[in-house]
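# Descriptive analysis of the structure
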Amino acid sequence: MLRGSWRQLWLFLLLLLLLLLLPGAPEPRGTSRPWEGTDEPGSAWAWPGLQRLQEQLRAAGALSKRYWTLFSCQVWPDDCDEDEEAAARPLGWRLPLLGQRYLDLLTTWYCSFQDCCPSGDCRISNNFTGLEWDLNVRLHGQHLVRQLVLRTVRGYLETPQPDKALALSFHGWSGTGKNFVARMLVENLYRDGLMSDCVRMFIATFHFPHHKYVDLYKEQLMGQIRETQQLCHQTLFIFDEAEKLHPGLLEVLGPHLERRAPEGHRAKFAWTIFLFLSNLRGDIISEVVLKLLKAGWSREEITMEHLEPHLQAEIVETTDNGFGHSRLVKEKLIDYFIPFLPLEYRHVRLCARDAFLSQELLYTEETLDEIAQMMVYVPKEEQLFSSQGCKSISQRINYFLS
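Below: a short report on this structure. (Residues numbered from 1 in each chain as written. Predicted model: local features only at pLDDT ≥ 70, side-chain atom pairs only at ≥ 80, totals over all residues. Heavy atoms only, no water.)

## A word on the pairing of strand S1 (residues 166-171)
Note the threshold: Burial status follows relative accessibility: with a 1.4 Å probe on protein chains alone, a residue under 20% of its type maximum counts as buried, one over 50% as exposed, and anything between as partly exposed. By definition, any uninterrupted DSSP run of H or I lasting at least four residues is a helix, any uninterrupted run of E lasting at least two residues is a strand, and each is numbered from the N terminus. At least two DSSP bridges between two strands are needed for those strands to be called paired.
For S1, a buried count of 6 out of 6 residues is recorded, marking the element as mostly surrounded by other parts of the structure. Side chains Leu166, Leu168 and Phe170 of S1 all project onto a buried face; the interleaved residues Ala167, Ser169 and His171 project onto the opposite face, where all are buried too. Judged from the 4 bridges that link them, S1 and strand S5 (residues 336-339) form a sheet pairing that is parallel. Looking at the pairing, His171 lines up with Pro339 of S5.

Set out below in structure tokens:
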């Protein structure tokens with residue numbers, strides 16, 4: 001998008017005005033106010049005061065230029081020169097006045113009446129750098145998830161014209177991070193997270209609790225999917241407890257996961273991601289991992305080839321729910337079955353540490369050990385995997401604080 005000189009001028013003036021009028025405007029290092037540093041009243045300090053004022057205005061002007069560069073790079077990234085953006089963020093520089101929040105507010109205000117975002121929708125952020133950081137730093141013990149989720153989601157959203165929705169099915173024991181990763185995706189792909197108009201989350205036992213109302217649920221679900229896709233060209237639908245979804249609901253999702261012909265409305269509804277979260281066959285994942293560990297493999301050497309075929313085959317053979325027998329599985333409409341490995345003692349300690357840090361609480365290594373030792377580990381002989389993962393860590397911390 002071309003930026004007219006008029007647009008640059010009034011936005012630059014707006015930023016400069018905010019810098020000069022709001023409290024906290026920067027002063028050149030080593031200078032004092034006009035009424036400080038002199039013993040003589042009146043005109044005796046008028047000339048030095050004027051010099052200082054000029055220096056302050058020059059400093060404010062330079063700072064406002066940095067704000068303008070950051071703002072323009074945020075609003076029109078396609079026109080942003082990397083050297084310019086780097087110059088606006090020299091080593092150790094921070095936003096001392098407006099702050100990033102003020103910059104975001106200004107961007108959102110401008111975007112409310114001007115199509116300025118690279119995605120065409122300011123609700124969509126697609127912060128892949130942030131997603132990568134979250135997966136690498138905040139997620140513990142899930143190297144397969146870390147490798148696959150970022151590559152798959154980024155590759156899909158950067159495809160100019162995808163011919164189908166992306167469908168990912170997360171499987172593993174409770175507390176291994178399935179909801180955690182889903183939340184990471186939401187928070188990094190959309191500015192408003194779960195509050196975004198482009199995101200819908202369904203919990204099977206909460207949103208669709210009674211099988212006798214399945215026809216009503218089907219109508220409501222299709223209406224919500226259609227409404228969300230009309231609002232946003234990049235949408236995300238999350239189905240928690242997917243193994244408890246009624247077969248009828250799974251069947252109506254089929255057309256949304258099929259490959260689309262080149263013609264039609266693909267340009268309008270180009271990107272759709274379906275996430276299915278399930279505890280289904282977490283036992284199979286644990287059995288395969290335990291077998292590999294006993295055979296001398298390290299945890300980090302385990303690959304998708306070791307797990308996905310077993311996982312998919314066991315899901316198909318499951319008889320106590322309709323997920324494995326749905327057309328989503330039988331017709332291979334789900335792109336990846338992603339296994340979440342059972343967590344070990346060392347991962348539970350890391351979860352405990354993160355819980356303390358998130359609450360800004362002090363902890364000791366001994367405290368982390370005590371919390372980790374309070375968890376139940378299986379199998380009975382090996383005592384290797386936490387049966388609940390990291391799910392009840394916060395309650396353990398409350399026990400130590402009480």
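## With respect to the state of the cysteines
Put simply, the rule is: Here, two cysteine sulfur atoms that lie within 2.5 Å of each other are counted as a disulfide.
With the rule as written, the count across this model stands at 2 disulfides. Disulfide pairing places Cys198 opposite Cys232 at an S-S distance of 2.1 Å. Classification of the bridge connecting Cys198 and Cys232 rests on its S-S torsion, roughly -75 degrees, and on that basis the disulfide is left-handed. On the criterion of sequence distance, the pair formed by Cys198 in the loop between helix H7 (178-189) and strand S2 (199-203) and Cys232 in the loop between helix H9 (214-231) and strand S3 (234-240) is long-range, its members being 34 residues apart. Assessed through its relative accessible area of 3%, Cys232 is described here as buried. At a sulfur-sulfur separation of 2.0 Å, the disulfide partner of Cys351 is Cys390. Taking the sign of the torsion about the S-S bond as the criterion, the disulfide between Cys351 and Cys390, at about 80 degrees, is right-handed. With a gap of 39 residues between them, Cys351 in helix H14 (residues 345-358) and Cys390 in the loop between strand S7 (385-386) and helix H16 (393-401) connect regions that are remote in the sequence. For the pair Cys351 and Cys390, a shared accessibility class is recorded, and that class is buried.

## Things to note about the packing of H9 against helix H10 (residues 247-257)
Quick reminder of the rule: For helices, the fitted axis covers only the stretch in contact; all axes are lines through C-alpha atoms, and the angles between them, taken along N-to-C directions, range from 0 to 180 degrees. Working definition: roughly parallel below 35 degrees, roughly antiparallel above 145 degrees, roughly perpendicular at 65 to 115 degrees, and oblique for all remaining angles. Whether a crossing is left-handed or right-handed is set by the direction in which the near helix is turned from the far one by less than a right angle, anticlockwise for left-handed and clockwise for right-handed. Contacts were defined at the residue level, with two residues in contact if any of their heavy atoms lie within 4.5 Å. Residues are sorted three ways: Asp, Glu, Lys and Arg are charged, Ala, Val, Leu, Ile, Met, Phe, Trp, Tyr, Cys and Pro are nonpolar, and all the rest, Gly among them, are polar.
In contact at an axis separation of 9 Å, H9 and H10 are set at 30 degrees when each is read in the N-to-C sense. With respect to each other, H9 and H10 are oriented roughly parallel. In this structure, the crossing between H9 and H10 has a hand that is right-handed. Of H10, the residues touching H9 (which contributes Val214, Tyr217, Lys218, Leu221, Met222, Ile225 and Gln229) are Gly248, Leu249, Val252, Leu253 and His256. Its residues assigned to classes, the contact of H9 with H10 shows 8 nonpolar, 3 polar and 1 charged.

## Digging into the pattern of salt bridges
Where we set the bar: What counts as a salt bridge is simple: a side-chain nitrogen of Lys or Arg found within 4 Å of a carboxyl oxygen of Asp or Glu.
For the structure shown, the criterion picks out 17 salt bridges. Between Glu344 and Arg346 there is a salt bridge, and its shortest N-O distance comes to 3.5 Å.

## Focus on the nonpolar core
Selection rule: Buried Ala, Val, Leu, Ile, Met, Phe, Trp, Tyr and Cys residues that are joined via side-chain atoms within 4.5 Å together make up what is termed a nonpolar core.
Residues Leu221, Phe274, Leu275, Phe276 and Phe323 are the most contacted members of the largest nonpolar core, which totals 76 residues. Per-element tally for this core: the top contributor is helix H6 (residues 143-157), with 8 residues. Counting 14 residues, the second-largest nonpolar core is a separate cluster that includes Cys351, Ala352, Met375 and Ile393.

## Topic: the environment of Thr129
With respect to the secondary-structure elements, Thr129 resides in helix H5 (residues 128-137). Between the alpha carbons of Thr129 and Leu150 there is a distance of 9.7 Å; along the sequence they are 21 residues apart.

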